[in-house]
Amino acid sequence: MRIFSGIQPTGQKHLGNLIGAIDQYVAGQDRGEGLYCIVDLHATTVAYDPTELRARTYDTAAILLAAGLDPDRCVFFRQGDVMEHTELCWLLCSVTSWGDLNRMHQFKEKAGNERELVSAGLFFYPVLQAADVLAYRANEVPVGDDQRQHIELMRDIAERFNSRFGDTLVVPEHRIPEVGARIMDLQNPTMKMSTSSEGEQGRIHVLDDPAVILKKFRSAVTDSGSEVRRGEGKEGIANLIDILAAVKGTTPDAIEAEFADSRYGDFKTAVAEAVIDRLAPLQARYTELRADEDALEAAFKKGAEKAQVIASATLADVREAMGVGPRS
Ligand code: TYM
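Residues numbered from 1 in each chain as written. Predicted model: local features only at pLDDT ≥ 70, side-chain atom pairs only at ≥ 80, totals over all residues. Heavy atoms only, no water.

Caption draft 1: Structural view of empty space enclosed by the protein. Tallied over the entire structure, the rule returns two cavities of 30 Å³ or more. One number sums up the size of the largest cavity: a volume of about 50 Å³. What lines the largest cavity is simply Gln106, Phe107, Lys110, Leu122, Tyr125, Pro126 and His150. When contributions to the lining of the largest cavity are tallied by element, the ones reaching two or more residues are helix H5 (105–111) and helix H6 (120–134). A per-class count over the lining of the largest cavity returns four nonpolar, two polar and one charged. Each pocket or cavity is described by its volume, and for the second largest cavity that value is around 30 Å³. (1 Å grid on protein atoms, 1.4 Å probe; cavity = no way out; pocket = protein on both sides within 12 Å on 5 of 7 lines; lining within 4 Å. Points joined across faces, edges and corners; volume = space filled by probe spheres on them. Helix = DSSP H or I, 4+ residues; strand = E, 2+ residues; numbered from the N terminus. Nonpolar A, V, L, I, M, F, W, Y, C, P; charged D, E, K, R; others polar.)

Caption draft 2: Region of interest: the state of the cysteines. The final tally for this structure, using the stated rule, is zero disulfides. The thiol sulfur of Cys37 is not disulfide-bonded, and the nearest other cysteine sulfur, from Cys74, lies at 11 Å. Residue classification places Cys37 among the buried positions, given a relative accessible area of 1%. Cys74 gets classed as buried once you look at its relative accessible area, which sits at 4%. (Disulfide = S-S within 2.5 Å. Buried < 20%, exposed > 50% of the residue type's maximum accessible area, 1.4 Å probe, protein only.)

Caption draft 3: View of the packing of aromatic side chains. Counting across every chain of the model gives ten aromatic pairs. A centroid spacing of 5.4 Å and a plane angle of 15° characterise the contact between Phe4 and Tyr136, whose relative ring orientation is stacked. Of this pair, Phe4 sits in strand E1 (residues 2–7) while Tyr136 is found in the loop between H6 and strand E4 (140–142), placing the two residues 132 residues apart along the sequence. As far as the burial class goes, Phe4 and Tyr136 line up, both buried. Feature note: the residues Trp98, Phe107, Phe123 and Phe124 constitute an aromatic cluster, connected by ring pairs. (Phe/Tyr/Trp six-rings, centres within 6.5 Å; stacked < 30°, edge-to-face > 60°.)

Given below as structure tokens:
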């Protein structure tokens, strides 16, 4: 079983990234051969500052390692270090339709009304994402719910490639967690927690101080009721139930039973405390790891060497199947 996932080095990583994705990456190390990649090339598709990009890439690397990724047990690397991703992206464009890319929710959201002005990179973003996974012939892709459409597209691309050029690529499956696949914004619980949302009050960063975390949870938007249970109009409480269930490794039902007699205020404090406890060891490890950029570069280098062995073999097969370059 080969597992692949990628994460952007933009902004500060939040609780949605941790619960929806990073926790599944860590678990994947025990279930199969994990490959995890920081997608710096994807981050160039929106306005960005080059110095910032490097710094955020190190931040993200240190977070992933602090969360439990072990470069000796998985292939941990930076996308921009493995050229095969960009070559495969181009080759896959031949089996990707313009119409499909134009229907991608994330493109529509990010481009907004500025479709003529946004970079072509943003439009081709999902093809590069498909190349990331297909280059490794990965079977499974752990992601949050918001990546569902991108995974569907990469499956279509792999199927189309195989039927046009012969069986070459593996059609991957998504792995979306049962609890915590879509952590919502604490101030606006009908919207997902997102790096790009305005204001930080609704978003818990994995590196936030305990006092800040407590304050954000205490001011989380709920409803005028008083029962700690899921239900219509109770998106805020349902989100807190999901967060606590994910952090404690239990089910939302068990959380509802445990807090059946609690008031919202006490429940919010309990969620905050559980999240603070969960993040404390990660934050301590992060500070140590982030201080040594040379060590992070060394980890990237080692990972890229391992990744390239796999990706270059796929590329050789893809080129051969497509009749590109010299005969093998
Ligand atoms: P990115 O960097 O936006 O997010 C990283 C992961 O976090 C998940 N996630 C969430 N999960 C639950 N609740 C939320 N509120 C929440 N917000 C984000 C995302 O689903 C994702 O799994 N396009 C990808 C990066 C990528 C990739 C890949 C992923 C590039 N190549 C190949 C998988 C395979 C992205 O922008 O993730």
